[in-house]
Amino acid sequence: MSAEPTVITAADGARATVQVMGAQVSSWVPAGGAEQLFVGSRAPVGAKAFKGGVPVCFPQFAAQGPLPQHGFARNLPWEPAGHGTEDAGGWAAFRLSNAGALASRWPHSFLLELRVSVGGPRLDIALSVINPGPRAWYFTGALHTYLRVDDIAHTGIEGLGGRPYLDKAAGGVETVQAEPLLRIAAATDRVYQGAREPLRLRDGERTVAIATTGFPDVVVWNPWREAEERLSDFAPGDYRHMVCVEAAVAAAPVSLERDERWSGSQTLTVQGNA
Ligand code: TA6
């Protein structure tokens, strides 16, 4: 049986749902608006990590290390660490401090704190990574945000023009994005290193502003039709209704000494017709 998720509500009706498993945000509805996050039609929401919402990847992004893809944080139950209201918004916090069965492969003391706040047109997700000691270690990771889009054919992402990126869908070549508006018309898996400027997702009348702090990189992912067939969480055609725009530490790991803390956040703000 799945543990009950946390539903965060703001006085204005904005709300977000956070699952116990992975502290994975599975839904975000801004005030007066509609669902903004994509969840795969066949995703096992609440039972285990799933493709949708906002999985937290830690301490490893993708397969670049000794752990399974995207690390262990998304596959473990997080503890509640408080909730309340602030500036007419609602918030809840969650903690994780054990690596479960993978502790032998990643033998470090750590504490993760995730704070999710919602209100008006905004969703804010803040991740802190703490090293309580005794030894230094390093990590990569991401807020692997799945945004719902009406139709990928009419979607564009602004803010990445002129930026270099690692094109994983093309076998890992480094290239530069020439066009100011990124349109997705094929399998896309890109790591933009050092992309800290705010982005804008354009989806017809709707715009979602995407701002980050702390995270040095941006990852954009859509599996497209062929790869979608291999994703058990997706039903045919789901790829048309999503794009991942991820706040990431992907290109180079962050090192943390004893008692050091790293913090990063991603803020999504709906503008126009939500
Ligand atoms: O962040 C993009 C990515 O690493 C892709 O390469 C793709 O594999 C995706 O994440 C989903 O990963 P998952 O482990 O959930 O299958």
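See the structure shown above.
Residues numbered from 1 in each chain as written. Predicted model: local features only at pLDDT ≥ 70, side-chain atom pairs only at ≥ 80, totals over all residues. Heavy atoms only, no water.

J.: Summarise the overall build of the chain; cite the residues concerned and give the values.
T.: When helices and strands are tallied, the chain shows one helix and 20 strands. What you see for the chain is a C-alpha radius of gyration of 18 Å, in line with the 19 Å of a compact globule of 274 residues. By its C-alpha atoms, the chain is 50 × 45 × 35 Å across when sized along the principal axes. Per-residue burial over the chain gives 53% buried out of 274 residues. Restricting the contact set of the chain to residue pairs at least 6 apart, pairs at least 24 apart contribute 65%. (Helix = DSSP H or I, 4+ residues; strand = E, 2+ residues; numbered from the N terminus. Rg over C-alpha atoms; globule rule 2.2 N^0.38 Å. Buried < 20%, exposed > 50% of the residue type's maximum accessible area, 1.4 Å probe, protein only. Contact = heavy atoms within 4.5 Å.)

J.: Can you lay out the sheet that holds strand β2 (residues 15-18) for me, pointing to particular residues and giving the numbers?
T.: Read across the open sheet, the three strands follow the order β1-β2-β3; overall the sheet is antiparallel. The open sheet has two edge strands, β1 (6-9) and β3 (25-29), and neither has a second partner. The average undirected angle you get between the axes of adjacent strands in this sheet is 10°. Alignment of β2 against β3, held across four bridges, turns out to be antiparallel. (Pairing = 2+ DSSP bridges. Axes fitted to C-alpha atoms, helices over the stretch in contact; angles between N-to-C directions.)

J.: Go over the sheet that holds strand β5 (residues 79-86) with me, naming the residues and quoting the values.
T.: The nine strands lie next to each other as β5-β6-β7-β8-β20-β17-β16-β11-β14, forming an open sheet whose pairing is antiparallel. In the strand order of this sheet, the two ends are held by β5 and β14 (181-183), each with one partner. Strand-to-strand, the axes of this sheet are offset by a mean angle of 15°, without reference to chain direction. In this structure, strand β7 (residues 111-119) lies alongside strand β8 (residues 122-130), joined through nine bridges in antiparallel fashion. Bridging across to β8, V116 finds its partner in I125.

J.: Provide a residue-level description of the pairing of strand β9 (residues 137-143), including the pertinent values.
T.: Among the seven residues of β9, six are classified as buried, and the element is accordingly described as predominantly covered. Of the strand pairs in this sheet, strand β4 (residues 56-57) and β9 are connected by two bridges, and their pairing is antiparallel. Paired with C57 across the two strands is A142, which belongs to β9. The pairing of β9 with strand β19 (residues 242-256) spans six bridges and is antiparallel. By the bridge assignment, Y138 is partnered in β19 with S255.

J.: Which residues make up the packing of aromatic side chains, and what values do they have?
T.: One pass over the full model with this rule turns up 17 aromatic pairs. A ring pair is formed by F58 and F139, whose centres lie 5.5 Å apart and whose planes are at 45°; its orientation type is tilted. A residue pair is termed long-range when its members are at least 10 positions apart, and F58 in the loop between β4 and β5 and F139 in strand β9 qualify at 81 residues. For the pair formed by F58 and F139, the shared burial category is buried. Relative to F110, the ring of F72 lies with its centre 5.6 Å away and its plane at 45°, an arrangement referred to as tilted. Of the two residues, F72 sits in the loop between β4 and β5 while F110 sits in the loop between β6 (89-96) and β7, which places them 38 residues apart along the sequence. (Phe/Tyr/Trp six-rings, centres within 6.5 Å; stacked < 30°, edge-to-face > 60°.)

J.: For the pattern of salt bridges, give the residues involved together with the corresponding values.
T.: Under the counting rule described, the total for this entry stands at eight salt bridges. Salt-bridge contacts for R200 lead to E158; the nearest nitrogen and oxygen are separated by 3.9 Å. Here R200 is found in strand β16 (residues 199-203), whereas its partner E158 is found in strand β11 (residues 155-158), with 42 residues between them in sequence. Residue R200 is classed as partly exposed on the basis of its relative accessible area of 31%. The class of E158 is partly exposed, set by a relative accessible area of 27%. One salt bridge connects R202 with E158, and the closest N-O pair in it is separated by 2.9 Å. Note that R202 is positioned in strand β16 and E158 in strand β11, a separation of 44 residues in sequence. (Salt bridge = Lys/Arg side-chain N within 4 Å of Asp/Glu carboxyl O.)

J.: Residue-level account of the site of the ligand, with values.
T.: The immediate surroundings of the ligand are formed by K51, F61, Q69, H70, R74, H144, D189, V219, W221 and E246. E246 places a polar side-chain atom, nitrogen or oxygen, 2.9 Å from an oxygen atom of the ligand. When the free accessible area of the ligand is taken as 390 Å², the share hidden by the protein chains comes to 84%. Its residues placed into classes, the shell around the ligand shows three nonpolar, three polar and four charged. (Near = heavy atom within 4 Å. Polar contact = N/O pair within 3.5 Å; in protein donor to acceptor, adjacent residues only side chain to side chain. Areas by Shrake-Rupley, 256 points an atom, 1.4 Å probe, with all protein chains shown as cover. Nonpolar A, V, L, I, M, F, W, Y, C, P; charged D, E, K, R; others polar.)

J.: Explain the nonpolar core residue by residue, including any values.
T.: Core analysis: the biggest nonpolar cluster contains 63 residues, and F58, W78, I157 and V243 have the highest contact counts within it. When residues in this core are grouped by element, the largest group, six residues, is from β19. When residues no more than four places from it in sequence are discounted, the contact partners of F58 are H70, G71, F72, A73, W106, F110, L112, V129, W137, F139 and T140. Judged by nonpolar contacts, the second largest core, of eight residues, contains C57, A62, A142 and V191. (Core = buried A, V, L, I, M, F, W, Y, C linked by side-chain atoms within 4.5 Å.)

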